[in-house]
Each structure stands twice: as C-alpha cells, then as structure tokens.
Amino acid sequence: MLPRLDEIEVELLARRARAEAEGWLGEIEGIDLTMSFLRQKRDQTRRLARVAPVDLGIPGIAPRSAARRE
C-alpha cells in the first residue's frame, strides 16, 4: 500500500504544479486538501505496519454433550 500512496503523491504534485502554472486556485486548494489526507493515510499505514500481528490461534470444536444428542 505504501508504494501506491507514494505514486499518488507524485501524481498529485505534478497536478499541483500544473494548477499553479495555469492559475487554478480552486484546484490547488483541492489538491492540497487531498495531499493532507494522503499524508495522514500514509502515516497511519506506517504505524499499523509496525504493530505485530496478534495470534488468535485456531478455534477448536467442542465435543457434543449427551444432552444435545437426545
């Protein structure tokens, strides 16, 4: 996921440069907002990648009780 987020950031930076060159102020504002969300997502993904997975084990099947068979 992190490599894809990096790709998206590169694309957004290119779009932002074009928007600046064209004077599209609304587009710049939108891209800046998207960039902030993207950076938050990347930080969150990095934090979650550092957390070790939890071993939940393999669930067992309880034997049937005599009362249920009747």
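Scroll up to find the structure.
Attention here is on the structure that accompanies the text. Quantities reported herein were computed from a predicted structural model and do not represent experimental measurements. (Residues numbered from 1 in each chain as written. Predicted model: local features only at pLDDT ≥ 70, side-chain atom pairs only at ≥ 80, totals over all residues. Heavy atoms only, no water.)

### Some points on the pattern of salt bridges
Summed over the entire model, instances satisfying the criterion amount to nine salt bridges. In this structure, R4 and E7 form a salt bridge, with 3.1 Å as the shortest nitrogen-oxygen distance. On the criterion of helical spacing, the pair formed by R4 and E7 is a turn pair, its members being three residues apart in helix α1 (residues 2-22). Taking relative accessible area as the criterion, R4 reaches 42% and is therefore assigned partly exposed. The partly exposed category is assigned to E7, whose relative accessible area is 44%. In this structure, R42 and D6 form a salt bridge, with 2.9 Å as the shortest nitrogen-oxygen distance. On the criterion of sequence distance, the pair formed by R42 in helix α2 (residues 25-50) and D6 in helix α1 is long-range, its members being 36 residues apart. (Salt bridge = Lys/Arg side-chain N within 4 Å of Asp/Glu carboxyl O. Helix = DSSP H or I, 4+ residues; strand = E, 2+ residues; numbered from the N terminus. Buried < 20%, exposed > 50% of the residue type's maximum accessible area, 1.4 Å probe, protein only.)

### Examining the side chain of R42
Given the relative accessible area of 8%, R42 is considered buried. Aside from chain neighbours lying at most four places away, what touches R42 is L2, L5, D6 and E9. (Contact = heavy atoms within 4.5 Å.)

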